Amino acid sequence: CDESRPICKKCTRGTVTCSYSLEQSALVVLESAYPRIPPRINPQDTPDPSQIIHVGAPSHAEEVSLAKRYTLRGDNNDNLRLIHHYAISTCYSSWNATSVTQSVHLRDIVPALGFEHDFLLSGLLAVSSLHLALLNPSDINIASAIKYHTEALRQVQPHLTNVSPNNVGALFSFSCLIASYSFGFHQIQTPSNNSLKSILEVFTLIRGIRVIVRDGMQWLKKGPFAQSLSINPSNPNASLAPKIEAAISKLLQRTSEQNFDPELRDVYTAAIALLRQNFILAAEKPGVKMTALPFPILVSDKFLESLKGEDTLALVIFANYSVLLHWLRGYVWLRGWGNQIVEAVKHKVGTEWWDCLEWAVQEISSSDIILERKGPFEITEA
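Here is what the cut-offs are and how they apply
- Residues numbered from 1 in each chain as written.
- Predicted model: local features only at pLDDT ≥ 70, side-chain atom pairs only at ≥ 80, totals over all residues.
- Heavy atoms only, no water.
- Helix = DSSP H or I, 4+ residues; strand = E, 2+ residues; numbered from the N terminus.
- Buried < 20%, exposed > 50% of the residue type's maximum accessible area, 1.4 Å probe, protein only.
- Contact = heavy atoms within 4.5 Å.
- Areas by Shrake-Rupley, 256 points an atom, 1.4 Å probe, with all protein chains shown as cover.
- Phe/Tyr/Trp six-rings, centres within 6.5 Å; stacked < 30°, edge-to-face > 60°.
- Lys NZ or Arg CZ within 6 Å of the ring centre and 35° of its normal.
- Salt bridge = Lys/Arg side-chain N within 4 Å of Asp/Glu carboxyl O.
- Core = buried A, V, L, I, M, F, W, Y, C linked by side-chain atoms within 4.5 Å.
- Domains from an automatic or database assignment.
- Expected span 1.5 Å × (residues − 1).
- Polar contact = N/O pair within 3.5 Å; in protein donor to acceptor, adjacent residues only side chain to side chain.
- pLDDT = per-residue confidence, 0-100.
- Axes fitted to C-alpha atoms, helices over the stretch in contact; angles between N-to-C directions.
- Left-handed = near helix turned anticlockwise from the far one by under 90°.
- Nonpolar A, V, L, I, M, F, W, Y, C, P; charged D, E, K, R; others polar.
- Parallel < 35°, antiparallel > 145°, perpendicular 65-115°, else oblique.
- Bend = angle between axes of the 7 residues up to and from the residue.

Novice: Residue-level account of the overall build of the chain, with values.
Specialist: Of regular secondary structure, the chain possesses 17 helices and zero strands. Within the chain, buried positions represent 50% of all 382 residues. In the chain, 74% of the contacts between residues at least 6 apart in sequence involve partners at least 24 apart. Here the chain displays about 18,300 Å² of accessible surface, and carbon together with sulfur accounts for 53% of that area.

Novice: Outline the packing of aromatic side chains, supporting the account with residue identities and numerical values.
Specialist: Here the structure, examined in full by the defined rule, presents 13 aromatic pairs. Consider the rings of Phe-119 and Phe-174, whose centres lie 5.6 Å apart with planes at 85 degrees: the pair is edge-to-face. Within this pair, whereas Phe-119 is found in helix α6 (residues 118-135), its partner Phe-174 is found in helix α8 (residues 168-188), the two being separated by 55 residues in sequence. Both residues of the pair, Phe-119 and Phe-174, belong to the buried class. A connected cluster of aromatic rings, assembled from ring pairs, spans Phe-203, Phe-260, Tyr-268, Phe-295, Phe-303, Phe-318 and Tyr-321. Between Arg-254 and the ring centre of Trp-353, over which it is positioned, the NZ or CZ distance is 4.4 Å.

Novice: Which residues make up the side chain of His-85, and what values go with them?
Specialist: Checked against the element boundaries, His-85 lands in helix α4 (residues 78-95). Not counting residues up to four positions away in its chain, the partners in contact with His-85 are Leu-66, Ala-67, Tyr-70, Thr-90, Ser-128, His-131 and Leu-132.

Novice: Could you give an account of the environment of Ile-206, with specific residues and numbers?
Specialist: Along the polypeptide, Ile-206 turns up in helix α9 (residues 195-206). Considering only alpha carbons, one finds Ile-206 and Ser-182, 24 residues apart in sequence, at a separation of 7.6 Å. If we ignore the near neighbours within four places in the chain, the residues touching Ile-206 are Ala-179, Ser-182, Phe-183, Leu-293, Pro-296 and Ile-297.

Novice: Give me the lowdown on the pattern of salt bridges, citing residues and values where you can.
Specialist: Scanning all chains against the criterion turns up 11 salt bridges. The salt bridge involving Asp-355 is made with Arg-254; its shortest N-O contact spans 3.0 Å. Here Asp-355 is found in the loop between α16 (337-348) and α17 (358-365), whereas its partner Arg-254 is found in helix α11 (residues 242-257), with 101 residues between them in sequence. A relative accessible area of 14% means that Arg-254 is categorised as buried. Residue Lys-302 pairs with Glu-263 through a salt bridge whose shortest N-O separation is 1.9 Å. Placement of the pair is Lys-302 in helix α14 (residues 301-308) and Glu-263 in helix α12 (residues 262-284), with a sequence separation of 39 residues. Each member of the salt-bridge network shares a partner with another, and the members are Asp-75, Asp-78 and Arg-81.

Novice: Break down the side chain of Thr-255 for me, citing the residues and quoting the values.
Specialist: As for its position among the elements, Thr-255 is in helix α11. The exposure class assigned to Thr-255 is buried, which follows from its relative accessible area of 1%. In this view, Thr-255 contacts Phe-260, Arg-265, Tyr-268, Thr-269, Ile-272 and Leu-313; residues no more than four positions away in its chain are not counted.

Novice: Report on the nonpolar core, specifying residues and quantitative values.
Specialist: Looking at soluble globular proteins, one finds that nonpolar side chains tend to be buried together. Core analysis: the biggest nonpolar cluster contains 108 residues, and Phe-183, Ile-199, Phe-295 and Phe-303 have the highest contact counts within it. Each of domain 1 (76-229) and domain 2 (242-373) accounts for three or more of the residues forming this core.

Novice: Describe helix α15 (residues 312-327), naming the residues involved and giving the relevant values.
Specialist: Across its 16 residues, α15 extends 24 Å between first and last C-alpha, which sits within 8% of the 22 Å expected from 1.5 Å per residue. For α15, a buried count of 15 out of 16 residues is recorded, marking the element as mostly surrounded by other parts of the structure. Structurally, the start of α15 carries an N-cap: the backbone nitrogen of Leu-313 is 3.2 Å from a side-chain oxygen of Asp-311.

Novice: Can you explain the confidence of the model for the chain? Please cite residues and give values.
Specialist: Interpretation of this model should avoid reading the predicted coordinates in detail wherever pLDDT is low. Of the residues in the chain, 75% have a pLDDT of 70 or more, and the chain-wide mean is 78. Taken as a whole, residues 368-382 scores under 50 in pLDDT and shows 40 contacts with residues more than four places along the chain or in a different chain.

Novice: Mind laying out the packing of helix α7 (residues 139-160) against α8, listing which residues take part and the relevant values?
Specialist: Interaxial distance between α7 and α8 falls to 12 Å at its minimum, and their mutual angle equals 145 degrees. For α7 against α8, the interelement crossing comes out left-handed. Taking contact as the criterion, the partners of Ile-142, Ala-145, Ile-146, His-149, Ala-152, Leu-153, Val-156, His-159 and Leu-160 in α7 are, on α8, Leu-171, Phe-174, Ile-178, Tyr-181, Phe-185 and Ile-188. When grouped by side-chain class, the residues that make up the contact of α7 with α8 number 13 nonpolar, two polar and no charged.

Novice: I'd like to hear about the packing of α11 against α12, residue by residue, with values.
Specialist: Here α11 crosses α12 at 175 degrees, and the two axes come no closer than 10 Å. Compared by their axis directions, α11 and α12 come out roughly antiparallel. In contact with Ile-244, Glu-245, Ile-248, Leu-251, Leu-252, Thr-255 and Ser-256 of α11, α12 contributes Arg-265, Tyr-268, Thr-269, Ile-272, Leu-275, Arg-276 and Phe-279. Tallied by class, the residues present in the contact of α11 with α12 amount to eight nonpolar, three polar and three charged.

Novice: Quick rundown of unusual backbone geometry? Include the residues and the values.
Specialist: Most peptide bonds adopt trans geometry, and most residues besides glycine take a negative phi value. Of note, the phi angle at Glu-310 is positive, near 60 degrees, even though the residue is not glycine. Inspection of the secondary structure puts Glu-310 in the loop between α14 and α15.

Novice: If you had to explain helix α10 (residues 208-220) to someone new, which residues and values would you point to?
Specialist: Between its first and last C-alpha, α10 extends only 15 Å over 13 residues, short of the 18 Å set by a 1.5 Å rise per residue. In the structure, α10 departs most strongly from a straight axis at Arg-214, where the bend amounts to approximately 50 degrees. Considering only its buried residues, α10 is in contact with α7, α8, α9 and α13 (294-298).

Novice: Tell me about the environment of Asp-266, residues and numbers included.
Specialist: For Asp-266, the position within the fold is in helix α12. Taking the C-alpha atoms as reference points, Asp-266 and Thr-255, separated by 11 residues in sequence, lie 9.1 Å from one another.

So, in structure tokens, the structure goes:
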């Protein structure tokens, strides 16, 4: 056999059906059933930074169509359905990596680590189940998500106090999956009037990423997730669009006018500075879901305490942050969050604070989605 394709010469001369032609037929069937799956690449390759994974990611319509095919049945094949659904759909939706290399990490490396670490595999199955539930609501999909999420949290506990080179990649992957799960799960619960309480519960869970990165940075930098560790803008001194700069300035002015003790004023000033950096990052990477995470991950514990106590200034700062979530509402995990938070804050603060909410309310009222555009930013060198 000369191994030529699609049919080798030996089979061409004879009457035998060539195995290579069967492989080709199978490939055609698969590509027809599951379109737009990106090709495998070597994880060590360094792609052009302009390459965007959206090329291979399914559209929302395709996501819904795939979800209906993968509806769970409560049989022994459910885990296979969930793993396959993760590989062809959920992995792109969960993190929305910005390069071909990162897409390989999400699609290939994370499941491989999951087969070595039970907690990550359970987390993967939970997120895949929840993705199905968000796209194609059913009791069995929701029950599966809750079941695997509960298992994952139980299984991961012993590892959280023992971060090592052997588990750090799996723990980092798990914490990022939990971020998606946390945002998504509150959407399938009975609607609550307290969206602020719900989002703070989400923040508590995703702040676990900070702990993993802090304890395992030396090992993560040497592994396949190194590119995912940078959540700082490349140019922290960049200027944003005038409306955003004006909104930030209003928050800083109110902070200087309030009768705070110096320590609390520093807490709010730092939170506003972090918010501005988060907007710059979102401007550099429009449409990337991970840009919604720096503020909740890095903001101080004291700011979160003020937010939980519903301090007015903390609330209006938070409402301006929620615009980032609104810009990303095209992702099923973040749908509705931005609007709910801005509306909740508006009803909690007095009218004398509405000038600090003016820009956020205007953005929430807009109908465009950042996934379909470059965003409202006008970045210039400061």
